[in-house]
Amino acid sequence: MRRGGVVGGLVLVVVALLAVVAPWVTDPAGLDVTRVDGPRLGAPSGEYWLGTDENGRSVLLLTWWGARVSLLVGVAAAVLSVGIGTLVGLVAAMAGGWVSAVLMRLTDFFLVLPSLVLAIALSTVLERGVGTIVLAIGLTSWPGAARLVRAQTLAVAARPYVERAHALGGGTVHVVVRHVLPGVVPLVVVNTTLAVGTAIVAESTLAFLGLGDPTAVSWGAMLRTASSTGAVTAGAWWYLVPPGLAIAGVVLAVTVCGRALETVLDPRLREPR
Amino acid sequence: MSLLRVRDLHVRYPSEHAVRGVDLDVEAGETLGLAGESGCGKSTVALSLLRLLPRTAAVSGEISVDGEDVTTLNWGRLRALRWARASVVFQGAMHALNPVRRVGEQIAEPIRLHDPTVTAAQARARVADLLAQVELPAERARAYPHELSGGQKQRVMIAMALACGPRLIVADEPTTALDVVVQAQVLDLLSGVVAERGIGMLLISHDLAVLARVCGRLAVMDAGRVVESGPTGRVVAEPAHPRTRALVAAFPAVGEPRHRRAPATTGEPAPAGVDRVGGELLRVEGLRVRFGDTVAVDGADLDVRAGEIVALVGQSGSGKTTLARAVLGLVRPDGGRVLLDGRAVPARGRGLREHRRQVQWVPQDPTSALNPRHRVADAVAEGLRVHRVPGDHAALAAAALAEAELRPPERYLPALPHELSGGQRQRVVIAAALALAPRLLVADEPVASLDASVRGEILALLLRLRARLGLAALVITHDLGVAWTVADRVVVLRAGRVVESGPVERVLTDPAQAYTRSLLAAIPRARWASRPT
């Protein structure tokens, strides 16, 4: 488990570094359909290692640049979703009473809504762009995190040491800051990591359905153009496989990394008994 | 031929040598008591008898149960032996029962496993018969574990152990976590079954008093070895080994003047400090606390004077913990008042915080009362931070640790709770309470979760703190021995009402109420203390 996590972590670090340095080591001009001169749907060759798309752009370059949007959206949406979820869960657990009831019914409402449909609706209504995609994914995927954080908060708050802190004279703020948050944060971290994978897939789905930012290259958008421009019928596998493998690889890396983090940070595995 | 014969038993785990050469014999109709502190290897011995240990344990030596050599049996024969010839009453009945199955089905499980030809009707009849033997009505077979009380669950466990008519019963701490009255009933039941059926029993406990009540012979274990064994009367009256002496001393005899205000401690004897008792500090008037429809505390009155140690005793469910929590302001009373220095304790805000500075809590289980992520320094200084006490918190924490006799404090400040022993953890909790210089300690079963040898030390600490700091204490306990060892006055609580209260010497030697007498009669120690020595 630990070794898998390390490998996953390394993969993520490499992909993230490549995504960050892309503007400096590659020429963005290669993404501009008016300025490329490669063959149309050309097979992999010495010049174009992963072949070219229907406009003659290098698939390698597209995949490379696609990582930027996919990772950005993945991380931002995961942070947004877990952030909302943590806040709602924490407040619901600590406040109790009607506040908790209202928040949890709201959570249930979002939980039963088909999130893809909601995300589609949101990204159609809002202005097109990366921010919209992040918002659409973040606003639809937080209920799971809220439930989880609420449960963990309730569990920590029921521990005798929390009661002892109350008996010492500590107020709610003291208990939350000194005892509850440190007990909940590991779960939140793990949850965020795992949510990144889900968000990347969601971004690809939305982009594939044509709801993404049409000007930005992302892995989902690549798959969409590939299928809509006849790459499949033309047998241009090199156009489909790289973004597909990239999605699968990054999501897998994120997941093993999250699982490994879970074993490292899980309070149940750390607390002696 | 012995029912159980163990010779030179060794059990090695990868990290430790848990059992180091144990010899035991149990004859038919006999009960052997195996005593020892946690970690001495007694439960490992119990599990090795039916080869229930994890694979990582390497067992060597001879174990024969009812004439069969357990160490060499093949899997099929071992399964036939388990339960049909020897069965186990496991520790902690609340966890050993499956919460989602009716107890009748669970009792029938071994019967049907060992004889698949038994029909459902026959199995039901057997279960009813077994329940009758453990004095439970037959219709309780349809109950789920959560519908039963602790004592009833333990009876179900015993019925389960008897299901296949075993020749040997191994009972591992069968009465731990039960209160004195229920404990007495369960012990009587077990010894009755042994006498009636002429079977053998190996009874394991950390509590010598429990063993003394039912066992003919005792074996005391320490660090994987049997250090002393012999007839119960002899071992208890004239313990030869220091470990046995510690176990005997840890459960003081109520009514024995030698044990009055004299907890077993290796340090200097604790001073009585009775001269520190002053005027009234805490007063509880007509306190009522309800949880939904259940009335936990029903009009209780109580008072504690400055520098006085008052014991609040009662069975589980008598409302003593709820009363303590009301004194701390952790539950809001539905009626009555709690007064400190003659002033009512405010229910919220600054006033409540100030009250919580004066009155400090020592909760039941120090392990769960300490945040596993906080170092000792943080745990002790927590109250100082909460109340924004001026001064150097690290130095104050160190002083509090020294006051709780964790010396040198520098060694303990950076430790995490799991690196400490149970007794040390309890001292850390006490130090955290002392850091705020309180006037009253509310200690909820302060020694119940601790090992025998540590109990006396913690109780002695309470007495020394009283003598040194004039600290008053309200000690909640189900153990009248604790009351006898430390308290000045005792308050007996039953179903949320005070039944009797007064000086310890009077209430525990000449009780006015029948209920107090029944509590005293249930203490296993009472029987052996009256035995001529």
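Calculation notes
Residues numbered from 1 in each chain as written. Chains lettered and ligands numbered in written order. Predicted model: local features only at pLDDT ≥ 70, side-chain atom pairs only at ≥ 80, totals over all residues. Heavy atoms only, no water. UniProt positions renumbered as here; feature names shortened; annotations may be inferred. Helix = DSSP H or I, 4+ residues; strand = E, 2+ residues; numbered from the N terminus. Buried < 20%, exposed > 50% of the residue type's maximum accessible area, 1.4 Å probe, protein only.

- As annotated in an unreviewed UniProt entry, chain B carries the name ABC transporter ATP-binding protein and comes from Actinokineospora fastidiosa.
- Among the UniProt annotations of chain B, the heading Subcellular location (unreviewed entry) holds the following wording: "Cell membrane".
- Word for word, the UniProt comment on chain B under Sequence similarities (unreviewed entry) is "Belongs to the ABC transporter superfamily."

- As annotated in an unreviewed UniProt entry, chain A carries the name ABC transporter permease and is attributed to Actinokineospora fastidiosa.
- Quoted verbatim from the Subcellular location (unreviewed entry) heading of the UniProt record, the comment on chain A is "Cell membrane".
- According to the UniProt record, the Sequence similarities (unreviewed entry) comment for chain A reads "Belongs to the binding-protein-dependent transport system permease family."

**Topic: unusual backbone geometry**
Glycine aside, the phi torsion of most residues is negative, and most peptide linkages are trans.
All names here are of chain B.
Next up, step 1: Following arginine 407, the chain continues to proline 408 via a peptide bond in cis, the omega torsion being -10°.
Next up, step 2: Along the chain, proline 408 falls in the loop between helix H15 (393-403) and helix H16 (409-412).
Next up, step 3: In this structure, glutamate 135 takes a positive phi of about 60° despite not being glycine.
Next up, step 4: Structurally, the position occupied by glutamate 135 is in the loop between helix H5 (120-133) and helix H6 (150-162).
Next up, step 5: The exposure class assigned to glutamate 135 is exposed, which follows from its relative accessible area of 59%.
Next up, step 6: For glutamate 405, which is not a glycine, the phi torsion comes out positive at approximately 65°.
Next up, step 7: Note on placement: glutamate 405 falls in the loop between H15 and H16.

**Concerning the UniProt feature "domain: ABC transporter" (unreviewed entry) in chain B**
Next up, step 1: Per the UniProt record, "domain: ABC transporter" (unreviewed entry) is found at residues 4-248 and 282-520 of chain B.
Next up, step 2: As annotated, residues 282-520 of chain B has a helix share of 41% and a strand share of 26%, and its two end C-alpha atoms lie 27 Å apart.

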